[in-house]
Amino acid sequence: MSTAKNTRKTLDSTEVRRLKGIGHELKPVVTIGNKGLTESVLEELERALNDHELIKIKTPPGTKEERDAFSDDLAAKTGAQLIHSIGRMALLLRRNPNANPKLSNLSRYSD
């Protein structure tokens, strides 16, 4: 079972819809190339998740199955939840109780 489906069990449909709406407005903060998850990419993902909480990532090319597996692995390695993935885009969430409201996408796009 994919992480996105598991995430939906922990978040209600209204919250998932709200997060997808915020994600639609975001530009990818990290683009992952053919080298995959290098140490520097993981460090940048950690920084982005700590600062922004909800981030959009552009994943490497591949089949749908490869992209889905990569997105699931990415979420597991960063301790984030995969909210949505479509094509080469993945939307990850990792809440930070000490996030800076000026940087957090959850705070900036709150209703």
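It should be noted that the structure appears before, not after, this text.
Presented here is a report on the structure given in the accompanying data block. Everything numeric here is computed off the predicted structure, so don't read it as measured data.

The rules we used
- For every chain, the first residue of its written sequence is number 1, and the numbers climb from 1 along that sequence.
- The predicted origin of the model limits local features to residues at a pLDDT of at least 70 and limits the giving and counting of side-chain atom pairs to 80 or more, whereas totals for whole chains, interfaces and linings rest on all residues.
- For the side-chain quantities, the full set of heavy atoms in the structure was used; hydrogens and water were omitted.
- We define a salt bridge as a side-chain nitrogen of Lys or Arg found within 4 Å of a carboxyl oxygen belonging to Asp or Glu.
- Segments assigned H or I by DSSP are reported as helices when at least four residues long, segments assigned E as strands when at least two residues long, and all are numbered from the N terminus.
- Residues grouped as a nonpolar core are buried Ala, Val, Leu, Ile, Met, Phe, Trp, Tyr and Cys residues, joined through side-chain atoms within 4.5 Å.
- Exposed residues in this analysis have more than 50% of their type's maximum accessible area, buried residues have under 20%, and partly exposed residues fall in between, with area computed by a 1.4 Å probe over protein chains only.
- Contact between two residues is taken to exist if any of their heavy atoms lie within 4.5 Å; hydrogens are not considered.

The next thing to look at is the pattern of salt bridges. Inspection of the entire model under this criterion finds seven salt bridges. The salt bridge partner of arginine 95 is glutamate 15, with a shortest N-O separation of 2.9 Å. Residue arginine 95 is found in the loop between strand S4 (89–93) and helix H5 (105–108), and its partner glutamate 15 is found in helix H2 (residues 13–25); the two are separated by 80 residues along the sequence. With a closest N to O distance of 3.1 Å, glutamate 46 and arginine 94 form a salt bridge. With a gap of 48 residues between them, glutamate 46 in helix H3 (residues 39–52) and arginine 94 in the loop between S4 and H5 connect regions that are remote in the sequence.

One finds Ile32, Leu37, Leu45, Ile55, Ile57, Leu74 and Leu92 to be the most contacted residues of the largest nonpolar core, which totals 16 residues. For this core, the secondary structure elements donating two or more residues are H3, strand S2 (54–58), helix H4 (64–78) and S4. In contact with leucine 92, not counting residues within four places along its chain, are Leu49, Glu53, Leu54, Ile55, Ile57, Leu74, Ala75, Thr78, Ala80, Gln81 and Leu82. Grouped together as the second largest cluster of nonpolar side chains are ten residues, Leu11, Val16, Leu19 and Leu54 included.

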